[in-house]
Every structure is written in structure tokens, then in C-alpha cells.
Amino acid sequence: KDTSMRLDRPYRVYLCGGLPLPTVDIVVNKTTMAKSLNRSVLQVLEKSGSVSLATRLQAYMWPVVSRGQNVIAVGERSGGKTTGYIFPLASLLLDMWPCVQQEASVRIGSVAIIICNGWRAVQRVGNEFSRLLAPHKIRVVTAWSGSGSNSLNEIQKEIYRGCDVLVSTLPFLMHLAGIQREEDAETRIQFDLLSYCFHLVFDDADVLLDSRAEDVKIVLREWAVSRSKNQTSHFCQQLIITASSWTKYICELAEFLFPLMEPTLMISSQLEAAKAAGVRSVVNITHCSDDSSQQKILGDVTELVIDGTSEKRIIIFVRHYSDARQLKKLLESRCVFSRVAHGRLHTWQLQEEVKAWRSADAGKILIVSDRVVPLLLQHDIRDAYIIVHTYVPNTKAEFTQRFSFLLDNYSEPFKSSHTAALDAPVCFVMLDDSSSLLPPYLLECLEYLNTDIPLEVKKKFAKCENRDIPLCHYLKAYGSCPSVNLCVWRHKIIEKDLLCQLPQSGIVTVDIVKVLNASRYLVRLNQFRIKVDCAFVDLSENYFTLFMTLQSFCSDESRLTKFVKPGREDNLCLVNYESVWARARILKHRQLPNMVRVPLFLIDEGTEIVVDVSELYELPLEFSNLPQLIVEVYLCKVRPLDDIDWTQNANVFVETIFNEARGGSQFTGTIATSLSHTLWLSPLVEIVKVEGSLIRKESIRSQLIRHEYGAANEEHLDLLERQLQVVKARQNSRTASWLDHWTPNKSKESSE
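Everything in this summary refers to the structure shown in the same document.

### Observations regarding helix α8 (residues 205–229)
Its 25 residues give α8 an end-to-end C-alpha distance of only 27 Å, which falls more than 12% under 36 Å, the value for a rise of 1.5 Å per residue. Maximal helix bending in α8 amounts to about 110°, located at Arg212.

### Examining the pattern of salt bridges
Inspection of every chain in the model, using the stated rule, returns 24 salt bridges. Of the charged contacts in the structure, one is a salt bridge between Arg339 and Glu353, with a shortest N-O distance of 3.4 Å. Of this pair, Arg339 sits in strand β11 (residues 338–341) while Glu353 sits in helix α13 (residues 347–359), and the two are 14 residues apart along the sequence. Members of the salt-bridge network, linked through shared partners, are Asp25, Lys35 and Arg67.

### A short note on the sheet that holds strand β22 (residues 607–612)
The strand order β22-β21-β20-β19-β23 describes an open sheet built from five strands, whose pairing is antiparallel. Strands at the two margins of the open sheet, each flanked by one partner only, are β22 and β23 (616–617). With six bridges connecting them, strand β19 (residues 572–577) and strand β20 (residues 580–586) associate as antiparallel partners. Looking at the pairing, Val575 lines up with Ala582 of β20. Those strands touched by helix α20 (residues 542–554) are β19 and β20, and its axis lies near 100° from that of β20.

### Notes on the packing of aromatic side chains
The full count for this structure, using the stated rule, is 15 aromatic pairs. Between Tyr634 and Trp680, the ring centres sit 5.9 Å apart and the planes meet at 20°, which makes this aromatic pair stacked. Taken together, the positions of Tyr634 in strand β24 (residues 631–635) and Trp680 in strand β27 (residues 678–690) put the pair 46 residues apart, joining distant regions of the chain. The exposure class of Tyr634 is buried, given its relative accessible area of 1%. Assessed through its relative accessible area of 1%, Trp680 is described here as buried. Both rings, one in Trp738 and one in Trp742, keep their centres 6.4 Å apart while their planes meet at 45°; by these two values the pair is tilted. Remark: Trp742 and Trp738 occur in helix α25 (residues 738–742); sequence separation between them is four residues, near one turn of the helix. Here the two residues Trp738 and Trp742 agree in accessibility, since each one is buried. Among the aromatic residues, those joined into a cluster by ring pairs are Phe399, Phe403 and Tyr441.

### What to know about the side chain of Asp642
Relative to the helices and strands, Asp642 is located in the loop between β25 (638–640) and α22 (648–659). It is Arg212 that comes nearest to the buried, bridge-free Asp642 among opposite-charge side chains, at 6.9 Å. At a separation of 3.2 Å, a polar atom in the side chain of Asp642 contacts the main-chain amide nitrogen of Ser145. Dropping the residues within four chain positions of it, Asp642 is found in contact with Trp144, Ser145, Thr169, Pro171, Phe172 and Arg212.

### Quick look at the nonpolar core
Grouped together as the largest cluster of nonpolar side chains are 88 residues, with contacts concentrated most on Ile159, Leu166, Leu200, Phe202, Ile315, Phe403 and Tyr410. Among the elements that take part in this core, α8 stands out by supplying eight residues, more than any other. For Ile315, the residues in contact, after removing those within four places along its chain, are Trp357, Leu366, Val368, Ile381, Ala384, Ile386, Ile387, Val388 and Phe405. Val631, Val638, Val654 and Leu679 belong to the second-largest nonpolar core, a separate cluster that totals 68 residues.

### Some points on a positive patch on the surface
On the surface, Arg325, Lys329, Arg344 and Arg371 cluster together into a patch of positive charge. The exposed category is assigned to Arg344, whose relative accessible area is 60%.

### Some remarks on the side chain of Ser226
The residue Ser226 is located in helix α8 in this model. What makes Ser226 buried here is its relative accessible area of 8%. Reaching out from Ser226, the side chain makes a polar contact with the backbone oxygen of Glu222 at a distance of 2.9 Å.

### Details of empty space enclosed by the protein
Under the definition given, this model contains two cavities of 30 Å³ or more. As for the largest cavity, its lining consists of Tyr543, Leu546, Phe547, Leu550, Gln551, Trp581, Ala582, Arg583, Asp604 and Glu605. Only α20 and β20 provide two or more residues apiece to the lining of the largest cavity. Broken down by element, the lining of the largest cavity gets its largest block of residues, five residues, from α20. For the lining of the largest cavity, the residue count by class is six nonpolar, one polar and three charged. Its volume calculated, the second largest cavity comes out at about 40 Å³. Around the second largest cavity sit Asp206, Val207, Asp210, Ser245, Thr247, Ser483, Val484, Asn485 and Leu486, which together line it.

### Topic: the environment of Thr673
As for its placement among the helices and strands, Thr673 is situated in strand β26 (residues 666–675). Sequence spacing of Thr673 and Leu502 is 171 residues, and the spatial spacing of their C-alpha atoms is 8.8 Å. Those residues in contact with Thr673 that lie beyond four places of it in its chain are Gln504, Leu679, Trp680, Leu717, Glu721 and Leu724. At 3.4 Å, the side chain of Thr673 forms a polar contact with the side chain of Glu721.

### Focus on unusual backbone geometry
Following Ser682, the chain continues to Pro683 via a peptide bond in cis, the omega torsion being 0°. Inspection of the secondary structure puts Pro683 in strand β27. Of note, Glu262 is a non-glycine position whose phi angle comes to about 50°, a positive value. Checked against the element boundaries, Glu262 lands in the loop between α9 (248–261) and β8 (264–267).

About the criteria used
Residues numbered from 1 in each chain as written. Predicted model: local features only at pLDDT ≥ 70, side-chain atom pairs only at ≥ 80, totals over all residues. Heavy atoms only, no water. Helix = DSSP H or I, 4+ residues; strand = E, 2+ residues; numbered from the N terminus. Expected span 1.5 Å × (residues − 1). Bend = angle between axes of the 7 residues up to and from the residue. Salt bridge = Lys/Arg side-chain N within 4 Å of Asp/Glu carboxyl O. Pairing = 2+ DSSP bridges. Contact = heavy atoms within 4.5 Å. Axes fitted to C-alpha atoms, helices over the stretch in contact; angles between N-to-C directions. Phe/Tyr/Trp six-rings, centres within 6.5 Å; stacked < 30°, edge-to-face > 60°. Buried < 20%, exposed > 50% of the residue type's maximum accessible area, 1.4 Å probe, protein only. Lys, Arg positive; Asp, Glu negative; His and termini not counted. Polar contact = N/O pair within 3.5 Å; in protein donor to acceptor, adjacent residues only side chain to side chain. Core = buried A, V, L, I, M, F, W, Y, C linked by side-chain atoms within 4.5 Å. Patch = residues over 30% accessible without salt bridge, like charges linked within 9 Å, V, L, I, M, F, W, Y side chains within 5 Å. Areas by Shrake-Rupley, 256 points an atom, 1.4 Å probe, with all protein chains shown as cover. Charge placed at Lys NZ, Arg CZ, Asp CG, Glu CD. 1 Å grid on protein atoms, 1.4 Å probe; cavity = no way out; pocket = protein on both sides within 12 Å on 5 of 7 lines; lining within 4 Å. Points joined across faces, edges and corners; volume = space filled by probe spheres on them. Nonpolar A, V, L, I, M, F, W, Y, C, P; charged D, E, K, R; others polar.

Here it is as C-alpha cells:
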């Protein structure tokens, strides 16, 4: 009820550029939500119950987008960036649609074009727009490549018939409109898709720019040229860009657009906002013994304040109330006044303390204990110039949220002058030289902010235990991961990947167990030979032999021991699933002590299951030493047309090839390279026996390319080999051979 209060201030979103946003329009409740969104959109949302209140980023995006203004929005993953533009853009289209029908009813192309990163995002965004706009007969079309030549023709026909909102991937849009790079262009635009595009959206632009920066530039240029020639140029021209991180390309794009289109930059992620605003981060080393480290650090903080920084507003974070009291005494001994916010204060006392700190000309130092930080985040404190960490928080979220206390002193991201850099807010991290390790997230944050980190400090960071993190399957499938910054998997091959070595070359015949996608399968090896004219090794009986031996062993319950905790690096165990004993790998072993049900991967069957922890048993050594029979296989030198994920059509196409194979046919592949439990085959072909003759069909890779599900990726193996050579050069011990464990004593001569 107090109109003087800024309800949005605790949202702590960094705003820069654009037109001023009235405070009363920021979406902090359902009343202000109704001012930004069309009534029809609100009714759909209320009926579905999908949105009850705006997120921090949406509170600013909705009113800005619904007014037709240009936006660059950077926020956390799952922070509401996509729905941050879908709902207000749909509202804007509904509001302006009568005018569009009157002045641009006869047109080629779409009024709004949304460019997403991948077909899954296209499908998701398209469904949302259809849900909001279909009742008003506004036509939404989704389009992407990689669904096959027949599907591609149907999509093109549908778009050529006319659509109002087009949701597409970037490569498909360029193909559809005939936009090409200058070095490849023989003709200019074939299909004028951009002249009537009043709203252009780049969703997940940081990922798009990492892999297709030149294509984004070309689309923006063609959009500007097409719109300038159109007679309906009096319609607003709106550009919306969303991203999850403040990358180099996002910064360059924003710097280019600011003087031309005056977009509103809004960043809800505190670390990304600090990166964009150029916050200076300084590591201060205190030399002391382990017993006196905290006292010495507090002494260094006192000297830091005395050395000329006391004219600025400073917030000093300490762990305990006793530390806050001791630091206050040290400052008072040097005639420096400070205020203390600690967990023992009542709410009204804390409010008075904050109010006094905000209004005082002197005593601009606020000492904050750990317990009171969440309470201070709810207050309107955003104008500190310096923050000092006297201890390292347990989590990354606790550390990064403290940057929000500096928000009001952030400058524009593009002021790169020496003076602007010196005027930027400062973050001091106080560390001691003791032997205690530091959390890995701190090193990640400091390096992200371009902090100068002494070598002695780097040694203090705990080594990130990424040995148990699987190698990124995009790296394995294509040679590189298109979104390393957002990917949670490992992107470096390590020596552990070579512990059990599959053959590096040769020819294998495989039994397809499961198709994970169009170029990635789980298989069991049936035969292996070094060359075409060599004898083959029969491996087809290994699974049956292991299966019967394991069942026989487990039939005696006295041999079984309940699983207590993972004692080996392989995280293997024994499980009885559907009355059958099987070897399994625990997928989330780190959370095992807190789990009642645990996910497992059956390493000889290729199946993922979930069972109670009580059903796990220790795997005897004679079985744990045997390598898993399930082998992961990748096709070489092929990738999806315009995405990092294969489309459902492509996956079904490959599954159909395997399912329709004749009983006497075999799938044979030439090994290009290998890691433990992973083979790369080039090519993989089906060999059919017809009237006594062996007929080799077209390779799976070639069929994917011919039917326009995928494209050639010639650099795939070269990228992998670069990493493999580095790891093999460092390798000291001899790796165990997979074939040594599973090869029978006698090789069977090939009769063919």
C-alpha cells in the first residue's frame, strides 16, 4: 500500500539502455500483469494454470516487449526467457492484428519470425504460439530441416501458402529465403520472407552466435534491407534477443545494435550482469598460520578500508556474529565508523540499521554476517561500490547473489575506456595461504570475471572430480560440442577413457541392441577380424556364456553380499531384475547415501532401470574384471542438417533400417578409432546374402545424407584424433585389451 516503495527493486535485474520503463508497469502482481498481456492471452494462461506470476526477468520483459520495444535479455537457464517474449509478443500481435489485416493482408512472408536453436525448441515455441493465437485464426508454422526430403517439400509448400508467425531454425530460414553467405551466393534472395517481418526473435542467441555468428549477421542485414524497401515501414520493427550467458559475441552484437535500435538490455543473472558491467575482481592473499587466519584476514580488511576506499559504500561479508563484532572493533580503533547487520537483530532493528546506513554521509561501511544475507536481499540495497568476502560461501549461488548489491553502480557494458574500468565496482576476495582447499566454483567465477589469480592460489582449489562425468556425446558424435558453456558433460578425453581398450582398427559385425539416435547405437559385438581376408573371431556366444555363469553363481545365496557403498571407481554392482541376475553400473553414485531408489545401467543388456537400494549386491571380483559387453557405436562424418540433435524422423528412419533387416543379413562396420566401451565406425553397412552371394547395401551414413536427414561432417575424426594423441602421449601404463578378456582360445575360420 505504500506507494513510495519500489516493489521491483528486490528483483535485482540489471537494466541498461532503451526507453525508460515506468515503475507502475513492472509486473510484480496480477494487476500489473493484466496491463502488459492481452486479455485473451491471460484467459488462456488462467485456464491452463501454467503461469501464476512473472519471474524476475519476465517482470521487465513483458511490459517492454508488449510495447514493441527492442530487447536483449540475458538470464539463468530455466529463468523464463522464452515465455518472457512469447506471451507479450502474442499479446502485441493480437492488439495490432486488425491493423495488419487492413494494411498488410496481401503479403508474402510472416509478420513475426522466431529463430530457435534446434528443432525441439522450434516445436516447443511453436506449440505455445499456436495455443495462444490459433483461436484468433493467426496461422503459426514450425519448420526445420532434417525430417527427410518429402517432409521438407511439404513444409516449404505450407510456408509458401502463407503463414503469420514462422518458428524456424536458423539454417532452414536461410535456405528457405535463399539467403547465402557472400562467398557462396550466386543469386540473391529467392523468396522474400523478411519484407513483412515486423518482429524478429533470436532465442538462445549465445548458442546460435557461437556456431553461426556470420549467419546471424547476414539475416539481420537482409532484414534491415527488406524492411527499408517495404511500403509498410511505418509498422514497428522489433528485435528480441535472448541468451543465457554474456559471451563475446553477445557483447559485440549488443554494442553494434545499441546506437541503431536502442534496445533495452536486461540481465537477471548476477554473475552475467557483473561480467557485462566489467566488475573488477581482486584476490587478496593473507599470509598467516591456520590458527590465526581469520584474525589476520580481518586485519587486512581494516587496512583495505583505511587505504582510501572508505569514501565509497562498502559491504563486508563475514561468517559469524563474533567476526562482525571483532571487525567493528578493529575499524573503530582506526577511527572508522561502521554498522553491523547480524542474525541476532529483530526485523525492525535490521530495517533501522539498513536505513541508517543508507542515509548516513559518514560510516558507509556495512558489516554483514552470513545468516542475514538472505534478509538483506529483500531490502532495496543496490548501491554499494565495493563488496568484500572475508570467507568463501559453500555454494556458487550464495557467492554470485552478493554482486546484486552493486547493481546501481554498474556502467554501460560498452564503456571500455581506462577511466570507465577504474570507476567500475570492485569485488575483493580475501584468502589465506593455509593448506585448505577451495571450492571449484570460485575458480570458475574468478576466471569468468577475468581476475588475475596468482599461481599459489590456483593450487588451493579442489580439483574438480570430473573423472566420473561421462564424455560429452556431442563431442563423440560430431567432434565438438556446440554449446560448451551450457553443457554439463566432460569435453576432454582423459586416461580413464583408455583403461579398457577396444580394437583401434579392424572390421566388426554387430548386433543392434538399442538405437539412441540416428548416429548413436548400443550394440554387442558378434565377430571381429583384423582385415577382410583374415579369419574372424566369433564373439556371439559371450553374452550367453556370461549370463548362464552369473545365474549359476547367484543361485547360491551364501555367495551374495549386500551392497553398502561404492568402493570401486567403476561403481559396479549386482542386481536381480525381473528374476534375472545382471551386472549394473550405478548412474548417480554420489547421491547414493541419500537415495531410496537408485538408477542403474545394465552393462550387458543396455537397459536403464530404477530399483530400491536394498536390492543391490556387491559384484564379485571375477565378474567385475570382465569388461561390459554393451558397446556404444557412433557413425563417423555425419551430423544433423541444422541442429545438434537428430529429428524424430531421422531416428525412425534408422530404426526402420535395422528392424526391417532380413534374418540372414548382418551389419558390419570398419573401425575408425575407439575408446573404452565406444567404437567409431566408418562405414556401417548391411550385408545381405542373396542366392549364395553377399550383397553390400548402401551405408547408413550415405542414406542419411541422401534422404536429407543429415549432412557430411568431414572434420569429425580429425577433431577426435587431436585429443586422443595428446592423451596417448601422456599415458604411462598399458591398457587392458577388451579382446583379451572376451576372445575364445580358438578363432573360427571364415568360410566366406
